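Architecture and fold: a report
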Amino acid sequence: MTVSGPRVVGAVLLVCGLLLGLTAVREAGDGSLAVDGPRFAPLMVTVLWSGLALVYLLQPSTVDSEPANHKWAPVMLVGALVAYVLLLEPVGFALASAAFFVGAARILGSRQLLRDVLVAVPLAFGVYLSFTQLLDIRLPAGVLPL
Amino acid sequence: MNDLLSGFATVLSPANLLFAAIGVTVGTFVGVLPGIGPALTIALLLPITFSLDDPVGALIMFAGIYYGAMYGGSTTSILLNTPGESASVATSIEGHQMARRGRARAALATAAIGSFVAGTISTVLLSVIAAPVASLATSFRAADYFALAVLAMVCVTALVGRSVVRGLLSLTFGLFLGVIGIDSLTGQSRFAFGSLELLDGVGIVVVIVGLFAIGETLHAAARGDEPSTVEHVGSGGLLGWLSREDWRRSWKPWLRGTALGFPFGALPSGGAELPTFLSYTYEKHRSAHRDEFGKGAIEGVAGPEAANNASFSGVLVPLLTLGIPTSATAAVLLAAFQIFNVQPGPQLFERSPELVWALIASLYVGNVLLLILNLPLIGLWVSVLRIPRPVLHSAILVFATLGVYAVSNSVVEVLIAYGIGVVGFFMRRYDFPLAPVILGVILGPLMEEQFRRALLIGDGNLTVFVTRPLTAVILALAVLALVAPYVPKLLAKARGRDEAPVKKLVFAEED
Amino acid sequence: MRRTAAVLVAGVVLGSVAACGDSGNDSAKADTVAYPTRTLQIMAPAGAGGGWDLTARTIQKTLKDAGIVKEAVEVTNVTGAAGTVGLAQLATKHRGDAHQLMITGLVMVGGIVTNKSAVDLAQTTPIATLTAEEEVIVVPAASPHQNLKDLVAAFRADPASVKWGGGSAGGTDQILVGLLAKAAGVDPKKMKYVAYSGGGETKAGLLSGDLTAAVSGASEFKDLVAAGKVRALAVSGAKGVDVGGGSPVPTIKDNGFDVELLNWRGIVAPPGIKAGERAAVVALLDKLHTSPQWQEAMKQQGWSDFYRSGDAAKAFYDSESARIRAVLVEAGVVS
């Protein structure tokens, strides 16, 4: 991996640190930044953050991380996760989980649809039933008349 | 002693043994789920015990659930690098490396046996010296806690890893997560960005599920296929779990972990996480196999696991003698006591001796049952690794989502966990260590709170940190721990022979 | 006070007036509708194992055991921000759904103020208050303060010299100290209040010598009082109660300060439910309250009865909200 990746990371970290530092100052308003007050720690943490990010940006170390063979897989997986949790309540836990499971397995490289479905459906419904029936924890039932 | 024996008489009835067995089994299986640790497991199963008339049966079951959940959490940390709660983060560092190198069996065995050893020793300590330890623990004041947090922070710098800058950035990220939400002392909101969920802060469970379970899966997705089976290295040795060499390298860390875990557990504001990190650091520093650390050194599993288990008996000291819960699990146990109309406190031992001694006896029994149940199960757990990766990782994501959602019933909390998961993914890609984040989340708020409490109590005077002998001594130790690694170098320089090989006293390696 | 509440309750059950202003209910005389007709959901706006959770689960159990409802009763935990996360869900997601109830309490009233919550209790449909717990003020056994008058005299002379400790900022314990300061003529902003994350930590703070006095729920210090490690100075209710020492502890009022505060819990329904539904939920809770199973459960948990329902509950919620907001502003917790 080249040094450019860490440079981007360093820049993002620095921008985040500065923005959060700004937020900390703004949240303090005209209140005091006294050592024993609630505004001191956020400021200290964000200043430390920005300082370290600057050091990292100036001398980014090369990293020998494993090669990313599938650049888009994590992005698709995050998309699937977000869709999953947003559908959790309207569609219901069991159905959403089963669908997500099959989709995620495919993104993760599985090409055995039948196997995934055969695992996903009993898993999702089994978890749903054991949580709601045995542990008495409510999970969204959604569209299915469970 | 007679009390303890009658406690055993109570516990060893068939019905109570059954409760213990059910507790251990249920605890292990629920504890395996990411994000569901012992405290939550007991809280979830609390209503089930409402229907039991006899508090002894319920408490025995809790002890079983606790040990089971604790062990279940270590299992996933080792096999999948997805610790379910903060006390098993330290275990995951070396444990998962061992599993990746086909030594999952040995890692699980040293965790199980270490937990048993630590649990047994610390329970003995609990039954013998509970009262004096409790009165000592309550003499700790806010200033002392601050000093202790500083000392711990300095001591566990080994977690920072290979690069100081990256390690400190990870720590800072953890500290940042720790300040999010309502300031506990004044009620002011910090970094909440108008979100009610953030007002309450980012829970440690959400951080752990995000950073480990989600982050690890995203990382695996980017990495692509990995051989789905790891060649198992047979250990030979006694019963096939641990080789003679493993035993030799494990027993001391078990004992040292116990020695760290019990007193930290007994401190109000102590808890189970700190001793696990301290134990990890100590073992790394002391080990004759320093080069193996980071690649799966068995000492790094044995020590933290023992510390984790020993801290529970420690936690029971202030809980039973003063009614002070010092960990999430203890708080849930306290609620359970109150349901059965038992008020822990100085008079508990006199007023309900049967109950207390039955509880202590049930800890012994729970320990033994855990060992009996889990050693044979190791083979089963290890076979989890043979599940095809896409299926395994999809299941982890479903369970991680379930864990966060079931606790909070909030979609936003789950999204926060995903967000932290994305951060965890980039941290893995760019080689930022993960453990310092957890350290920051735990130690940061502790330091800040106690520092400000001490100032509030000392009327804003900074001298409170040096005028009290205990505080001053702990702070001095912290300074010593900070400069000690450089002393040999400085001495050598002073003598003008800096090129000579010097045995360094290192707490943190730098590159 | 309690008698008037009972009278009001009777009135409410007969014909409830539109207390939930924005529901636009059509009839002034609402008949009790059939209720519940499907699964009843009770939200505990806090984690499992806490006081609200326990209340919700006890209601769940009692409704089943006493045979009051045949439909399923489920408990949901929604965690966060002194219950205001749950409150926000109740007001938006569950709007108009009479089968979704929520536990509330004094802590949420304080939380709404300190968290600047967008939703407040006035937007819900109040059903009933259920239980209450007294607060107690304690000092270490070695403290020179023998009674509350001594302690307050020292507090008046030098407000900074007395370190009060208790639960989280803006919670019941700080509210009590704020009210006491006001009654004693001390500026609440001058009080030194050290917040802890729970009764256990407060205990540790008091025993280690960090605190001059601690405030907590009456049951919290029972054992330490009984063991003679701490001394109870006063309780916050209307009459003295025994908090472990064997004899009743005087109230704050007995000591000459006009302060009364109870850590109460209650139950509310979402906004926008029909008047008939409201009457039906109130009737359900009335039935729950009179059942022997509920009385037994309260005794077992050590809760004292604080039941008022319908309009009486609404009036109480309103007055309590106003009082708490005032004291938190004066104490400088919120601006």
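Description of the structure in this document.

Conventions used here
- Residues numbered from 1 in each chain as written.
- Chains lettered and ligands numbered in written order.
- Predicted model: local features only at pLDDT ≥ 70, side-chain atom pairs only at ≥ 80, totals over all residues.
- Heavy atoms only, no water.
- Helix = DSSP H or I, 4+ residues; strand = E, 2+ residues; numbered from the N terminus.
- Buried < 20%, exposed > 50% of the residue type's maximum accessible area, 1.4 Å probe, protein only.
- Contact = heavy atoms within 4.5 Å.
- Areas by Shrake-Rupley, 256 points an atom, 1.4 Å probe, with all protein chains shown as cover.
- 1 Å grid on protein atoms, 1.4 Å probe; cavity = no way out; pocket = protein on both sides within 12 Å on 5 of 7 lines; lining within 4 Å.
- Points joined across faces, edges and corners; volume = space filled by probe spheres on them.
- Nonpolar A, V, L, I, M, F, W, Y, C, P; charged D, E, K, R; others polar.
- Salt bridge = Lys/Arg side-chain N within 4 Å of Asp/Glu carboxyl O.
- Pairing = 2+ DSSP bridges.
- Patch = residues over 30% accessible without salt bridge, like charges linked within 9 Å, V, L, I, M, F, W, Y side chains within 5 Å.
- Axes fitted to C-alpha atoms, helices over the stretch in contact; angles between N-to-C directions.
- Parallel < 35°, antiparallel > 145°, perpendicular 65-115°, else oblique.
- Phe/Tyr/Trp six-rings, centres within 6.5 Å; stacked < 30°, edge-to-face > 60°.
- Lys NZ or Arg CZ within 6 Å of the ring centre and 35° of its normal.

A separate point is the overall build of chain B. Along the backbone of chain B there are 22 helices and 2 strands. Across the 511 residues that make up chain B, the buried fraction comes to 66%. Looking at chain B alone, contacts between residues at least 24 apart form 78% of all its contacts between residues at least 6 apart. Put simply, chain B shows about 17,100 Å² of open surface, and 67% of that area lies on carbon and sulfur atoms.

Another point: empty space enclosed by the protein. Summary: where empty space remains is shown by rolling a probe the size of a single water molecule over the atoms. Here the structure, examined in full by the defined rule, presents 4 cavities of 30 Å³ or more. Volume-wise, the largest cavity comes out at about 100 Å³. Around the largest cavity sit 13 residues that line it, and B:Tyr145, C:Tyr196, C:Glu201, C:Ala204 and C:Gly205 are the ones nearest its centre. Of all elements in the fold, only helix 7 (142-155) and helix 19 (435-457) of chain B together with helix 7 (199-208) of chain C reach the threshold of two or more residues within the lining of the largest cavity. For the lining of the largest cavity, the element with the highest residue contribution is helix 7 of chain C, accounting for 4 residues. Within the lining of the largest cavity, the residues separate by chemical class into 5 nonpolar, 4 polar and 4 charged.

Right, let's get into the pattern of salt bridges. Per the stated rule, a full pass over the model turns up 23 salt bridges over all chains. The salt bridge partner of B:Asp246 is B:Arg103, with a shortest N-O separation of 2.9 Å. Of the two residues, B:Asp246 sits in helix 11 (residues 244-266) while B:Arg103 sits in the loop between helix 5 (89-100) and helix 6 (104-137), which places them 143 residues apart along the sequence. Residue class for B:Asp246 comes out buried when judged on its relative accessible area of 3%. The salt bridge partner of C:Asp311 is C:Arg278, with a shortest N-O separation of 2.9 Å. Taken together, the residues C:Asp311 in helix 11 (residues 311-330) and C:Arg278 in helix 9 (residues 275-290) connect sequence positions 33 residues apart. Residue C:Asp311 is classed as partly exposed on the basis of its relative accessible area, which comes to 27%. Its relative accessible area of 0% is what places C:Arg278 among the buried residues. A network of salt bridges, in which partner residues are shared, links B:Asp183, B:Arg190, B:Glu448 and B:Arg452.

As a general feature of sheets, a regular strand has side chains that alternate between the two faces. All names here are of chain C. With 15 of its 16 residues buried, strand 4 (residues 125-140) lies for the most part within the structure. Alignment of strand 4 against strand 9 (residues 262-269), held across 8 bridges, turns out to be antiparallel. Within strand 9, the residue paired with Thr129 across the bridge is Gly266. Judged from the 4 bridges that link them, strand 4 and strand 10 (residues 304-309) form a sheet pairing that is antiparallel.

All names here are of chain B. For Phe191, which is not glycine, the phi dihedral falls at a positive 50 degrees. With respect to the helices, strands and loops of the structure, Phe191 is situated in the loop between strand 2 (189-190) and helix 9 (196-199). Although it is not a glycine, Asp459 sits at a positive phi angle of roughly 55 degrees. Inspection of the secondary structure puts Asp459 in the loop between helix 19 and helix 20 (464-467). Look at Asp459 and you get partly exposed, because its relative accessible area is 45%.

The subject of this paragraph is a nonpolar patch on the surface. All names here are of chain B. A grouping of Val473, Leu477, Val479, Leu480, Leu482, Val483, Val487 and Leu491 is seen on the molecular surface, where their side chains present a nonpolar patch of about 690 Å² in accessible area. If you list the elements that add at least two residues to the nonpolar patch, you get helix 21 (469-483) and helix 22 (487-494). Within the fold, Val483 resides in helix 21. For Val483, a relative accessible area of 40% corresponds to the partly exposed category.

With that settled, consider the packing of helix 3 (residues 73-91) of chain A against helix 10 (residues 204-223) of chain B. Interhelical geometry of helix 3 of chain A versus helix 10 of chain B gives an angle of 140 degrees and a closest axis separation of 8 Å. Considered as vectors, helix 3 of chain A and helix 10 of chain B are oriented oblique to each other. Together, A:Ala73, A:Pro74, A:Leu77, A:Val78 and A:Leu81 of helix 3 of chain A and B:Ile214, B:Thr217, B:Leu218, B:Ala221 and B:Ala222 of helix 10 of chain B make up the contact between the two elements. Residues belonging to the contact of helix 3 of chain A with helix 10 of chain B are distributed by class as follows: 9 nonpolar, 1 polar and no charged.

Turning to the packing of aromatic side chains, a few remarks are in order. Evaluated as defined, the whole model comprises 20 aromatic pairs over all chains. Between the aromatic rings of A:Tyr84 and A:Phe100, the centroid separation amounts to 4.5 Å while the plane-to-plane angle is 10 degrees, which identifies the pairing as stacked. Of this pair, A:Tyr84 sits in helix 3 while A:Phe100 sits in helix 4 (residues 93-107), and the two are 16 residues apart along the sequence. The pair formed by A:Tyr84 and A:Phe100 is uniform in burial state, with each residue classed as buried. With centroids separated by 6.5 Å and ring planes inclined at 35 degrees, the aromatic side chains of B:Phe191 and B:Phe193 adopt a geometry described as tilted. Look at B:Phe191 and you get buried, because its relative accessible area is 0%. Put simply, the rings of A:Trp49, B:Phe173, B:Phe176, B:Phe191 and B:Phe193 touch in pairs and so form one group of aromatic residues. It is C:Arg308 that lies over the ring of C:Phe306; its NZ or CZ is 4.5 Å from the centre. Here the guanidinium or amino end of C:Arg308 rests over the ring plane of C:Phe316, the centre of that ring lying 4.8 Å away.

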